[in-house]
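# Inside the fold
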Amino acid sequence: MLDTAPISRKSLFVPEAARILDVEPLTAREKLFRVSLNDRPLGHRPCQFVEVSIAGIGEAPISVSSSPASSEIFDLCVRDVGTLTQAMHRLEPGDRIGIRGPYGNGFPVEKIIGKDLLFVCGGLGLAPLRSLILHCIENRASFRRLTVLYGAKRPSERLYREELAAWAKDERLDLRETVDVPEEGWTGNVGVITTLFRAVEVDPLETVAVIVGPPVMYKFAVLELLQRGIMESRIYMSLERRMRCGLGKCGHCQMNGIYVCQEGPVFCYSDVKKVKEAL
Ligand SMILES: Cc1cc2nc3c(=O)[nH]c(=O)nc-3n(C[C@H](O)[C@H](O)[C@H](O)COP(=O)(O)OP(=O)(O)OC[C@H]3O[C@@H](n4cnc5c(N)ncnc54)[C@H](O)[C@@H]3O)c2cc1C
Ligand code: FES
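Residues numbered from 1 in each chain as written. Chains lettered and ligands numbered in written order. Predicted model: local features only at pLDDT ≥ 70, side-chain atom pairs only at ≥ 80, totals over all residues. Heavy atoms only, no water.

### Remarks on the domain arrangement of the protein
- Segmentation of the protein into domains returns domain 1 (5-102) and domain 2 (109-238).
- Between the C-alpha centres of domain 1 and domain 2 the distance comes to 25 Å.
- The interface of domain 1 with domain 2 comprises 18 residues on the first partner and 16 residues on the second.
- Of the roughly 1,300 Å² buried between domain 1 and domain 2 on both sides combined, carbon and sulfur atoms contribute 60%.
- On inspection of domain 1 and its partner domain 2, the count reaches one salt bridge.
- Residues Asp75 and Arg130 are paired through a salt bridge, measuring 2.9 Å at the closest nitrogen-oxygen approach.
- Between the two partners, domain 1 and domain 2, sit seven residue pairs in polar contact (both at pLDDT 80 or more).
- Secondary-structure elements contributing two or more residues to the side of domain 1 that touches domain 2 are β2 (30-37) and β5 (73-79). (Domains from an automatic or database assignment. Contact = heavy atoms within 4.5 Å. Buried area = accessible area lost by both parts, 1.4 Å probe. Salt bridge = Lys/Arg side-chain N within 4 Å of Asp/Glu carboxyl O. Polar contact = N/O pair within 3.5 Å; in protein donor to acceptor, adjacent residues only side chain to side chain. Helix = DSSP H or I, 4+ residues; strand = E, 2+ residues; numbered from the N terminus.)

### Considerations on the pattern of salt bridges
- Inspection of every chain in the model, using the stated rule, returns 17 salt bridges.
- The salt bridge partner of Arg145 is Glu201, with a shortest N-O separation of 3.7 Å. Of this pair, Arg145 sits in the loop between α3 (126-138) and β8 (146-152) while Glu201 sits in the loop between β10 (189-190) and β11 (207-212), and the two are 56 residues apart along the sequence.
- Classification of Arg145 by relative accessible area gives partly exposed; the value is 33%.
- Taking relative accessible area as the criterion, Glu201 reaches 63% and is therefore assigned exposed.
- Within this structure, Asp116, Arg144, Arg145, Glu201 and Asp203 form a network of salt bridges that share partners. (Buried < 20%, exposed > 50% of the residue type's maximum accessible area, 1.4 Å probe, protein only.)

So, in structure tokens, the structure goes:
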């Protein structure tokens, strides 16, 4: 009998060709790429990621930043930090990249229906969280209060600035922003993201919170949420770990036996609070 195992194993690691339709600078360090796969919609859930590759350069996990409702054309927000991402920043519309995925568990949207939602995001954390925020705006009737807290280092480092301006006027959600270092023209809040909590009204029994941001933010944000009486099992977070295969095969992303690429990147605080490397 023909053994097809090696072929199917190989196929898991072979990227699909995708085309860049548009590239837009968001800040000095981040660009937004609008991407389309040749043969299919991506079919992602909020907060899932894809492995992006450029032949001869490398591969890296990047979150899908657009709503699941528009997965024929999907968004990737990329900060140029290293080999793959710097090469991506040199790409133009019409260029090709490789895509594997979507991978990861994504956000359990079915568990938050009918709840007050409190999103806490810092810096590049808005990239993955935007997919969930857009999903919630598009399905607004399924949720109660929708609050977004966003913190950036400087006003010029805020991602999706035009969209933030639109959200600020949108009655369907309550957006509050802060920056660590103000620049000319900034009239908003200055201070770390936890300073925004003071003005936010929270119904502890009805609220689900989602945190995505730099590692240092998690500990302090969790503390604020717990002090307001939000249950540990209703605090979600997306954890980024060094990844290679994205498929639970290589072990690179392991965190105390947890394969973040498959069991995560979205975790409940109650599930990871005892994992030393998590927070
Ligand atoms: C689930 C997930 C989602 C992500 N989503 C996004 C996203 O939406 N947008 C985005 O811009 N990034 C995202 N990232 C981060 C991105 O994958 C990494 O920054 C990735 O390393 C970039 O690849 P690169 O080849 O450009 O950089 P690399 O060449 O890997 O270098 C990146 C940085 O990491 C350092 N580094 C390299 N190897 C190691 C190592 N072994 N240990 C410690 N430091 C090392 C380098 O010195 C450099 O500073 C995500 C990561 C994960 C896990
Ligand atoms: S990245 Fe290979 S097992 Fe998770």
